[in-house]
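Survey of secondary and tertiary structure
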2 protein chains.
Amino acid sequence: MGTRRTVVIERIAPQLDGGRFPIKRVVGDELQVTADIFADGHDLLDASLLLRVEGASAWEEAPMRPVDNDRWSGRLALRRNARHRYAVEAWRDRFGSLHAALAKKVEAGVPYATELAEGRELLEAALGRASSAPGRTAAADATLLAGALAGLRRSRSEAGRAAILLAEPLLEAARRHPDRSAATRSDELPLMVDRERARFGAWYELFPRSQSRDPRKPRATTLDEATWRLPEIARLGFDVVYMPPIHPIGHTNRKGRNNSLDAKRGDVGSPYAIGSADGGHDAVARELGGLDAFLRFREEVERHGMEVALDIAIQASPDHPWVKEHPEWFRHAPDGTIKYAENPPKKYQDIYPIEFGNDDPEARAALWRAWRDVFMTWVERGVKVFRVDNPHTKPIPFWEWLISEVQRDHPDVVFLSEAFTRPKMMQRLAKVGFTQSYTYFTWRETRDELRDYFTELTLSEMREYFRGNLFTNTPDINPHHTDHGRPAFVIRSVLAATLSSSYGVYSGWELCEYARLDDREEYLDSEKYEVRARDWDAPGNIKDLLGDLNRLRREWRALQHYDNLRFEAVTAGRTLFYRKALPHGDPDPLTGFPHRWREPVYVAVNCDPVTPERAFLHPDLPAVGIGWDEPYQVIDLVSGERRTERGADIAVDLDPAGTPFTIFTIGPLDR
Amino acid sequence: MGTRRTVVIERIAPQLDGGRFPIKRVVGDELQVTADIFADGHDLLDASLLLRVEGASAWEEAPMRPVDNDRWSGRLALRRNARHRYAVEAWRDRFGSLHAALAKKVEAGVPYATELAEGRELLEAALGRASSAPGRTAAADATLLAGALAGLRRSRSEAGRAAILLAEPLLEAARRHPDRSAATRSDELPLMVDRERARFGAWYELFPRSQSRDPRKPRATTLDEATWRLPEIARLGFDVVYMPPIHPIGHTNRKGRNNSLDAKRGDVGSPYAIGSADGGHDAVARELGGLDAFLRFREEVERHGMEVALDIAIQASPDHPWVKEHPEWFRHAPDGTIKYAENPPKKYQDIYPIEFGNDDPEARAALWRAWRDVFMTWVERGVKVFRVDNPHTKPIPFWEWLISEVQRDHPDVVFLSEAFTRPKMMQRLAKVGFTQSYTYFTWRETRDELRDYFTELTLSEMREYFRGNLFTNTPDINPHHTDHGRPAFVIRSVLAATLSSSYGVYSGWELCEYARLDDREEYLDSEKYEVRARDWDAPGNIKDLLGDLNRLRREWRALQHYDNLRFEAVTAGRTLFYRKALPHGDPDPLTGFPHRWREPVYVAVNCDPVTPERAFLHPDLPAVGIGWDEPYQVIDLVSGERRTERGADIAVDLDPAGTPFTIFTIGPLDR
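From a predicted model like this one, the values you see are computed outputs, not experimental measurements.

Description of the sheet that holds strand β23 (residues 569–571) of chain B
Strand pairs in the sheet, formed through backbone hydrogen bonds, run parallel or antiparallel to each other. Residues and elements named next belong to chain B. Pairing is antiparallel in the open sheet, where three strands are placed in the order β23-β26-β29. At either margin of the open sheet sits one strand with a lone partner, and together these are β23 and β29 (650–654). Each strand axis lies, on average, 35 degrees off the axis of its neighbour in the sheet, ignoring direction. Of the strand pairs in this sheet, strand β26 (residues 613–618) and β29 are connected by five bridges, and their pairing is antiparallel. The residue of β29 that forms the bridge with phenylalanine 616 is alanine 651.

Focus: the relation of the copies chain B and chain A
For these two chains of identical sequence, chain B goes onto chain A by a turn of 180 degrees and a shift of 0.1 Å along the axis, with RMSD 0.1 Å. Taken together, the turn and the small shift mark the pair as related by a two-fold rotation axis. Distance from the rotation axis, computed per C-alpha, reaches its smallest value in chain B at glycine 18 of chain B: 3.3 Å. Same-surface contact between copies: 98% of interface residues of chain B are shared with the interface of chain A.

Overview of the sheet that holds strand β11 (residues 240–243) of chain B
Spatially, eight strands are ordered β19-β18-β17-β12-β11-β10-β21-β20 (chain B) in an open sheet, and the strand pairing comes out parallel. Only two strands of the sheet have a single partner each, and these edge strands are β19 (436–437) and β20 (469–471) of chain B.

Some points on the packing of helix α1 (residues 94–108) of chain A against helix α2 (residues 113–132) of chain A
Between two packed helices, both the angle of their axes relative to each other and the distance between the axes serve to describe the pair. Residue and element names in this part refer to chain A. Where α1 meets α2, the closest approach of the two axes is 10 Å, and the angle between their N-to-C directions is 155 degrees. With respect to α2, the element α1 is oriented roughly antiparallel. Where α1 crosses over α2, the handedness of that crossing is left-handed. In this structure, α1 contributes Arg94, Phe95, Leu98, Leu102 and Lys105 to the contact, and α2 contributes Glu115, Leu116, Glu118, Gly119, Leu122 and Leu123. For the contact of α1 with α2, a count of residues per class yields six nonpolar, one polar and four charged.

Remarks on the interface of chain B and chain A
Residue-level contacts link 59 residues of chain B with 59 residues of chain A. Regarding the contact of chain B and chain A, the summed buried area is about 5,300 Å², with carbon and sulfur atoms giving 53% of it. Our enumeration of links across chain B and chain A arrives at 14 salt bridges. For glutamate 118 of chain A, the salt bridge identified is with lysine 339 of chain B, shortest N-O distance 3.9 Å. Listed by contribution, the elements that provide at least two residues to the side of chain B that touches chain A are β1 (7–13), β3 (30–39), α1 (94–108), α2 (113–132), β14 (341–343), α10 (361–380), α11 (396–409) and α12 (423–432) of chain B. Broken down by element, the side of chain B that touches chain A gets its largest block of residues, six residues, from α12 of chain B.

Some thoughts on the packing of aromatic side chains
By the definition in use, this model includes 65 aromatic pairs over all chains. Between the aromatic rings of tryptophan 368 of chain A and tryptophan 401 of chain A, the centroid separation amounts to 5.6 Å while the plane-to-plane angle is 45 degrees, which identifies the pairing as tilted. In this pair, tryptophan 368 of chain A is assigned in helix α10 (residues 361–380) and tryptophan 401 of chain A in helix α11 (residues 396–409), connecting sequence segments 33 residues apart. When its relative accessible area of 15% is taken as the criterion, tryptophan 401 of chain A is described as buried. With a centroid separation of 5.8 Å and an interplanar angle of 70 degrees, the aromatic rings of tyrosine 506 of chain B and tyrosine 523 of chain B are classed as edge-to-face. Here the residue tyrosine 506 of chain B occupies a position in strand β21 (residues 502–506), and tyrosine 523 of chain B occupies one in the loop between β21 and α15 (543–555), the gap between them amounting to 17 residues. You can call tyrosine 523 of chain B buried: its relative accessible area is 6%.

Digging into the pairing of strand β3 (residues 30–39) of chain A
All names here are of chain A. In terms of burial, β3 is a largely internal element, nine of the ten residues being buried. With five bridges connecting them, strand β1 (residues 7–13) and β3 associate as antiparallel partners. Counterpart to valine 7 in the pairing with β3 is alanine 39.

Points about the environment of proline 231 of chain B
Relative to the helices and strands, proline 231 of chain B resides in helix α7 (residues 230–235). Sequence spacing of proline 231 of chain B and leucine 470 of chain B is 239 residues, and the spatial spacing of their C-alpha atoms is 24 Å.

Some thoughts on the side chain of aspartate 588 of chain A
Residues and elements named next belong to chain A. With respect to the element layout, aspartate 588 can be found in the loop between β24 (575–587) and β25 (594–606). No salt bridge forms around the buried aspartate 588; measuring N to O, its nearest opposite-charge neighbour arginine 71 is 9.2 Å away. Leave out the neighbours within four places in its chain, and aspartate 588 touches Gln32, Phe593 and His595.

A word on the confidence of the model for chain A
Across chain A, pLDDT averages 95, with 100% of residues at or above 70. Two summary scores accompany this predicted model of the complex, namely pTM at 0.91 and ipTM at 0.87.

Remarks on unusual backbone geometry
Cis rather than trans, the peptide bond between alanine 13 of chain A and proline 14 of chain A has omega equal to 0 degrees. Within the secondary structure, proline 14 of chain A sits in the loop between β1 and β2 (23–26). A positive phi angle is found at aspartate 70 of chain B, which is not glycine, with a value near 70 degrees. Looking at the element boundaries, aspartate 70 of chain B is found in the loop between β5 (60–68) and β6 (71–77). The residue asparagine 259 of chain B is not glycine, and still its phi comes out positive at about 65 degrees. Its location among the elements puts asparagine 259 of chain B in the loop between β11 and α8 (290–303).

Details of α1 of chain B
Counted at 1.5 Å a residue, the expected span for α1 of chain B with its 15 residues is 21 Å, and the 21 Å between its end C-alpha atoms agrees. Residues of α1 of chain B that are buried make contact with β14 (341–343) of chain A together with α2, α4 (158–165) and α5 (168–175) of chain B. Where α1 of chain B ends, the next residue or the one after it, glycine 109 of chain B, has phi of about 70 degrees, a positive value.

Regarding the pattern of salt bridges
For the structure shown, the criterion picks out 143 salt bridges over all chains. Residue aspartate 141 of chain A is joined to arginine 176 of chain A by a salt bridge in which the shortest nitrogen-to-oxygen separation is 2.9 Å. Placement of aspartate 141 of chain A in helix α3 (residues 136–154) and of arginine 176 of chain A in the loop between α5 (168–175) and β8 (184–185) is noted, with a sequence separation of 35 residues between them. Under the relative-accessibility criterion, aspartate 141 of chain A is labelled buried at 3%. Two residues, arginine 372 of chain B and glutamate 405 of chain B, come together in a salt bridge whose shortest N-O distance is 2.7 Å. On the criterion of sequence distance, the pair formed by arginine 372 of chain B in helix α10 and glutamate 405 of chain B in helix α11 is long-range, its members being 33 residues apart. Residue arginine 372 of chain B shares its accessibility class with glutamate 405 of chain B, and that shared class is buried. Connected through shared salt-bridge partners, Lys105, Glu115 and Glu118 of chain A together with Arg331, Lys339 and Glu342 of chain B make up one network.

What counts, and at which threshold
- Residues numbered from 1 in each chain as written.
- Chains lettered and ligands numbered in written order.
- Predicted model: local features only at pLDDT ≥ 70, side-chain atom pairs only at ≥ 80, totals over all residues.
- Heavy atoms only, no water.
- Pairing = 2+ DSSP bridges.
- Helix = DSSP H or I, 4+ residues; strand = E, 2+ residues; numbered from the N terminus.
- Axes fitted to C-alpha atoms, helices over the stretch in contact; angles between N-to-C directions.
- Least-squares fit on C-alpha atoms with pLDDT ≥ 70 in both.
- Contact = heavy atoms within 4.5 Å.
- Parallel < 35°, antiparallel > 145°, perpendicular 65-115°, else oblique.
- Left-handed = near helix turned anticlockwise from the far one by under 90°.
- Nonpolar A, V, L, I, M, F, W, Y, C, P; charged D, E, K, R; others polar.
- Buried area = accessible area lost by both parts, 1.4 Å probe.
- Salt bridge = Lys/Arg side-chain N within 4 Å of Asp/Glu carboxyl O.
- Phe/Tyr/Trp six-rings, centres within 6.5 Å; stacked < 30°, edge-to-face > 60°.
- Buried < 20%, exposed > 50% of the residue type's maximum accessible area, 1.4 Å probe, protein only.
- Lys, Arg positive; Asp, Glu negative; His and termini not counted.
- pLDDT = per-residue confidence, 0-100.
- Expected span 1.5 Å × (residues − 1).

Right under this line is the structure:
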């Protein structure tokens, strides 16, 4: 009761669920914030956007300006990889209000002695604040304010004093030193500023044990032996080398080839059956060379300008040390046994799930700490990128806590969520902290499905927190469209590499491997259960294409952004046509969306791997600064060919048997 | 750390700003709530909608059901005029999950001994809860559960035990007694359930001092003398008799006729210049007969089936007792004087504004209490409807506190916000508690303006908290369209009475009065500054029309709802065509919007008071249960005429010089 007269600040955008979850940006981005700001009565208002690193005491500040019907907007640059907080502060602009009222009265020719007296009081207060503020602008303001006050004392007429008070530079100086003691400050809203790899990266997934040099002689390789592959992976332009779990593999109920229950002598087992007498999640399998081999491998990856991603799967083989040391972390059936993992009727006889539902809060807390320590152990060993297996079967608050614990001292750690589940759970995991997420890309095949799905990902609220990493395939997913062979691999590679700033392939993809187990979405002779060897130069491979795509991704900054995807008009039934470009000039102060774009990359892909199509592309030319009737230059970004076009009607022939895509930029003619 | 595995409940709808403000309903409505509900892992879930009066301990409860992709929905009837809270609770359906897993295993022909043991444990626990639960259903469930457990003990085969566990009635009984000890409960969300008058009412505004019987002899009337008008107002079907302030009027700077600064002897002054030696906001002017006359007037209004609305204006004449008693509630200029109210260049020399910004928190708190006491005094005198003058120039937290204080013991009190200001402030006042709001209706004149504005009011989020009360005119607003005379009065009356469930006219409207001061939006010889007298039976009056409209509003319940307005297709340039109808059958569980409607009232109005128009109306026939090709009956609700139509193409001629509107219902042919 009896609150002071306050300014209302509401509908701050962006924000997620009333500030419950952080929005995401990367270093180098700008944060644009809008808010409704208004107050009772007729005073003018003023407002600032505030920003600070979480835990810091000082705020960075930028002015906000009204843009539409009580909606205000402001922007600040993001420079540090850290969790941040932002807020909006607003206050009554008392001198500005007095200034406006005085101007009206002078105009209307009515008495204004009270305004003159009030104006002088406000100026004196502003001078006090300017004098004690640091910086050159403040000093200049203090001089100006003091001069105006002296003028008011000297002036012999009311009209003269009004003229002094109404001077525009005085208004600006006074507004720079407002009385903010009764300002309204909004709740602080969270913001995660990641490093760039959180948004941009090409991932290459491989099983280190399957990297023997001679394709005719498959044999289990160590991490040291696998390093011979790194120069080529780097040459193809990949950024992240990602490996399935590298820990000791259990023996009990070890799976044989093609997921069979009767492992033969020499079968290597699934790397997801984690843990043996040799150790658990903090150990490296002896057959891979142990921890030292891993550390050497990591260094070699970094020497090639890439980084390592590890796969953390929260589960255990029956031989994992924790099964004996911590029976309370497993779920025991009424008969005392531990049930293996299953998703009926699928069975994982070689894996025990972890039980997060223990009734004892101490046991639960110890379990959470143990897993945090697993991640921290690998962070201390130099791993900064984690792919997390099946996070949706573990408690969501656990992830929120764990990621925040790790990122507190290591904000550069990236977490990729492998949650192939229902949309709302995938979204929630992204909201509670996962840096990137797997997507439904793999199952979106037609032009319209792709357009609808990526419109949702990049234009809905999801763009604030959900960064899709598009995998063409994974050891678990051999999509049915690969049955069409090379054309499908080309189409899906182009889509993955250009629709999102993050994408990945699982090795074998570049060789257009698609041998299928029965008619299921699984690979025949899957590396999950056996050692494989490949001829990395087999004919028909698409390594040149992947190299081209990764080169373009590095050369064209537009491909490194995520929510700049815009679908363009096309006359055709199968062809997807889109643009990625960089914002040009100031964004719309209201929506934050750019008005104009520069350095555009256009991609047209025939999504059908069988039927050729002639498509007519209709790019929005004015959006990139070209008039509808102006001639312009089209440069094919793969071949380098240039030609001149005029008008937004470009015919292209996209033939799956030949080249089912085109990637180009457009710009003014050379002078 | 170490939280239990929880169910996520998010995106509960409806809600305002994360539960910061209450949504609004009236007694007799149903509350439909939807929410996203999901959890880690593969368990089945279950959920309830909870509701209780604020401060009550027990919750009323209704089951929620999944309707789409992790979205759940539930409904409860609202029976009490009170502030409520609602919430969603969700939990893992352990027996249901076990039931589903067992069914899959039986189907797949794999062992299920563990599931049998677990099922028995869960049944025993459910039996314990059912046995201690009250009610006949619980007793029957306990019998069923006990029988199943006995059967499990007796059965000699696993298949037999599985069959017992898989029985559908057992599943239902067990699910009625879940273990909710680890359930997730959402935050509680606020809900105001008003009495029906909050949504539905026809208001008639009059100055009691201007009600002399002889139009040729204007003289100031008392409240007792004004009662002769009540039978007619009641006969015309109005529900609320609303009076501008009735308090003692100040003498200092009293305004003369037509807002002149030089009041003549005998000038009565503006009732908004409140307070004199006779008293302030809790007193009734002596010239109106004082408090006793008011109480008699109120009783007489009620005897005619209507109720009184008072106007509270938070401001004071320089003669108000508080000016001396509480100088700290007024703002003093540097020279010690109190500035009169102004909104430059508009001036109110007879009025002091109240200062809510005193630096002393105790003074501010005392001021808030004083105004609360003003409202409470009138509530205790039987006034349950207040029109609040200019609330947007007082602090918003003040209104939130005051309305909540008054409604705590008097939930039946209705507050109408007279905030003719910018949209966001009007919305905020509605959010913090105002029951109804004035709108921009008065200035929306063309068909398209009206359609756009009322779409926003009744279909956007505003429908949850903002109830527009459409005034055709007020003592301050003589809209420019009245210059067109009677046709404009007819058109605007029909629109006001049918677009919203609440509307009002200021007396003189029924006589098509439109004499204008200069070319401003003000009345000539305004009652605000002088006593008027009228011939209430003057030729050309539209009393019959108002009577018809109010009769239809009482007969047709569809006109008593607010957010059931739906614009219908029309081929014409000036004609607005819309339907108000009652929801029929269950609403869409996802959106809460009805699928089908009944008892429709259709209104077509030519919004142009000058040009006749032939319009072709295209009602959505299937929405009211009539096939596109079926013959149906059209009943004119004013004349009672019936005719048969077929197809959604009804021609009407709407002539401002004759009848510029039509109001009808449609239904199946009589059999």
